[in-house]
Amino acid sequence: MHPMTEDYLQFVWNNKRILKPQLKLNDGTDIEILNFGSHNTLLKGPDFKHGSIRMDGITFYGHIEIHVKSSDWYVHKHHLDENYNNVILHVVYQNDKDVYQNGLKLPVLEMKELIDLEHWDKHKSYMENSNQIICKNDLDSIDPVFLQSMIGKSLLEKLNDRIKLIQSYLNNQPSPLYVFLAAAFGSNLNKLAFLELIRFVPHSQLAHLTPSQRYKLMVSESGMLTSISPDSKGPNQWHFKGTRPKNFPTVRLKQFAHLMGESELDYLIDVGSSEKIIEAFNLIFDKSSVDMERVGVQALSKGFKNGLLINGVVPFLWYRSEISGNEYYRNMAIEILESIAPENNSVLKKWKNSGVIIENAYDSQGLMGLYRYYCCRKKCLSCAVGNKILKN
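In this text, all values refer to a predicted model and were calculated from it rather than measured experimentally.

Tallied over the entire structure, the rule returns two cavities of 30 Å³ or more. The calculated volume of the largest cavity comes to roughly 120 Å³. Together, 13 residues line the largest cavity, and C135, C375, C380, C383 and G386 are the ones closest to its centre. Of all elements in the fold, only α12 (361-375) and α13 (384-391) reach the threshold of two or more residues within the lining of the largest cavity. Sorting elements by how many residues they give to the lining of the largest cavity places α12 first, with three residues. Among the residues making up the lining of the largest cavity, the classes are represented as eleven nonpolar, one polar and one charged.

What follows deals with the packing of aromatic side chains. Describing an aromatic ring pair means giving the distance of the ring centres and the angle of the ring planes. The tally for this structure, following the rule as stated, stands at 14 aromatic pairs. Between W73 and Y84 the ring centres are 5.6 Å apart and the planes differ by 80°, which places this aromatic pair in the edge-to-face class. With a gap of eleven residues between them, W73 in helix α2 (residues 72-75) and Y84 in the loop between α2 and β6 (87-94) connect regions that are remote in the sequence. Judged by its relative accessible area of 0%, W73 falls in the buried class. With a relative accessible area of 6%, Y84 lands in the buried category. Relative to F194, the ring of F185 lies with its centre 6.4 Å away and its plane at 35°, an arrangement referred to as tilted. The exposure class of F185 is buried, given its relative accessible area of 1%. An aromatic cluster of three or more residues is present, and its members are Y178, F185, F194, W238, F256 and F304.

We now examine the nonpolar core. Core analysis: the biggest nonpolar cluster contains 116 residues, and W13, L89, M111 and W351 have the highest contact counts within it. Take this core: its biggest share by element is 14 residues, from helix α5 (residues 176-200). Those residues in contact with W351 that lie beyond four places of it in its chain are I133, L139, V356, I358, L367, L370, Y371 and C375. In terms of nonpolar packing, the next biggest core, distinct from the first, is built from five residues, W73, Y84, V87 and L106 among them.

For the pair helix α9 (residues 302-324) and helix α10 (residues 327-339), interaxial distance at closest approach is 7 Å and the crossing angle is 160°. Taken together, the axes of α9 and α10 are roughly antiparallel relative to one another. Where α9 crosses over α10, the two elements pack in a sense that is left-handed. Contacts between α9 and α10 pair I310, V313, V314, L317, W318, R320, S321, E322 and S324 from the former with E327, Y329, R330, M332, A333, I334, I336 and L337 from the latter. Of the residues contributing to the contact of α9 with α10, the split by class is eleven nonpolar, two polar and four charged.

Each pocket or cavity is described by its volume, and for the largest pocket that value is around 1,500 Å³. Considering the residues around the largest pocket, the lining is formed by 47 residues, among which S187, N188, N311, E343 and N345 are closest to the centre. Contributing elements (two or more residues each) for the lining of the largest pocket: α4 (144-167), α5, α7 (249-259), α9, α11 (346-353) and α12. Each pocket or cavity is described by its volume, and for the second largest pocket that value is around 770 Å³. Within the residue set of the lining of the second largest pocket, elements represented by two or more residues are α1 (6-14), α4, α12 and α13.

For H50, which is not glycine, the phi torsion reads 55° and is therefore positive. Along the chain, H50 falls in strand β4 (residues 48-55). Using a relative accessible area of 57% as the deciding quantity, one classes H50 as exposed.

With that settled, the discussion passes to a positive patch on the surface. Taken together, K153, R372, R377 and K379 make up a surface patch of like positive charges. Mapped onto the fold, R372 is located in helix α12. We classify R372 as partly exposed; its relative accessible area is 40%.

Residues at a pLDDT of 70 or more form 94% of the protein, whose mean pLDDT is 88. Here residues 228-235 is a poorly scored stretch, pLDDT under 50, and it has 16 contacts once near neighbours within four places are set aside; other chains count.

Most of β6 sits out of view: seven of its eight residues are buried. With six bridges joining them, strand β5 (residues 58-69) and β6 adopt parallel strand pairing. Looking at the pairing, E65 lines up with H90 of β6. When β6 meets strand β9 (residues 108-110), the two strands line up parallel, connected through three bridges. If you follow V91 over to β9, its bridge partner there is L109.

Calculation criteria
Residues numbered from 1 in each chain as written. Predicted model: local features only at pLDDT ≥ 70, side-chain atom pairs only at ≥ 80, totals over all residues. Heavy atoms only, no water. 1 Å grid on protein atoms, 1.4 Å probe; cavity = no way out; pocket = protein on both sides within 12 Å on 5 of 7 lines; lining within 4 Å. Points joined across faces, edges and corners; volume = space filled by probe spheres on them. Helix = DSSP H or I, 4+ residues; strand = E, 2+ residues; numbered from the N terminus. Nonpolar A, V, L, I, M, F, W, Y, C, P; charged D, E, K, R; others polar. Phe/Tyr/Trp six-rings, centres within 6.5 Å; stacked < 30°, edge-to-face > 60°. Buried < 20%, exposed > 50% of the residue type's maximum accessible area, 1.4 Å probe, protein only. Core = buried A, V, L, I, M, F, W, Y, C linked by side-chain atoms within 4.5 Å. Contact = heavy atoms within 4.5 Å. Axes fitted to C-alpha atoms, helices over the stretch in contact; angles between N-to-C directions. Parallel < 35°, antiparallel > 145°, perpendicular 65-115°, else oblique. Left-handed = near helix turned anticlockwise from the far one by under 90°. Patch = residues over 30% accessible without salt bridge, like charges linked within 9 Å, V, L, I, M, F, W, Y side chains within 5 Å. Areas by Shrake-Rupley, 256 points an atom, 1.4 Å probe, with all protein chains shown as cover. Salt bridge = Lys/Arg side-chain N within 4 Å of Asp/Glu carboxyl O. Lys, Arg positive; Asp, Glu negative; His and termini not counted. Charge placed at Lys NZ, Arg CZ, Asp CG, Glu CD. pLDDT = per-residue confidence, 0-100. Pairing = 2+ DSSP bridges.

The structure is reproduced here in structure tokens:
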């Protein structure tokens, strides 16, 4: 039999998949679970919040913690954390050690004899599936609403992660959009290098310079001059290897230098609707591309322009919504994603081969997040799709 996991025990508890209706603690005390609690997946502290149990005719209200072994309580150092002082029940697969918290011995419910082993074996075989999208062959068996909910959830995680990455670079930058667009220009490989560069080249320094002067300033601050070969990387970790020539950081830096001279960028977010924002940005991109071609700089492709909207403008709107508390900007971000064609990459091909229809960038960004945060980590029990399939 495969080793038990805490994720699976949480799944069992959350879905109340317990074989015996009459439960006893390890010391033989009868226990009734009145409320299994709400699954805590976001905050620090016990796994299930605000549960309730009845023992010896007394009702207890509090939190419930789950472990494979009771000794994990000490391994995870919960005994040093006051967030666990209100735990009323310790649910474990194996009780190998008495646990005391805040001077009191915790009641223990051992699950070893309460688990449906046939379902456990099914779960483990599912986890060992060689498909990168494990549920590939089962997607047709569930309501599409479960996949849609995970697309939305994963998109939110993806945007929040991007904002967390960028937030430390926003200090002393009067134009946050400048920072978000810099990260978007860097794409995956050179995102951090672009962000490090703009620490030394704030937007205010660029306003009165020509595109050529802006580019020279950025190159001199980038560290690229000491390492301009396609087979190496400079002091600020500029990556040439693994990128196509049209995506070389030297090319993207020239394009960035041209685009950042457009003063309209500072107030375009406030032009109104999402349609007007897209239209206005495309006009700036197109004007900048004409200027680039005139001086021999590679113009921005349609796909890259969309990428700047998806990875620069949309996260910026999300960030602006967070700091202002105004849902208007968040709604605009979603509308922009829904109006842009989906990207085309190896991850999205996997979803298409699984029969998933990808209609727009909202879908594609959410599916990329779902693949990264759940499929690659085999977190099926934390996914609404996997959870539904494994419940059946």
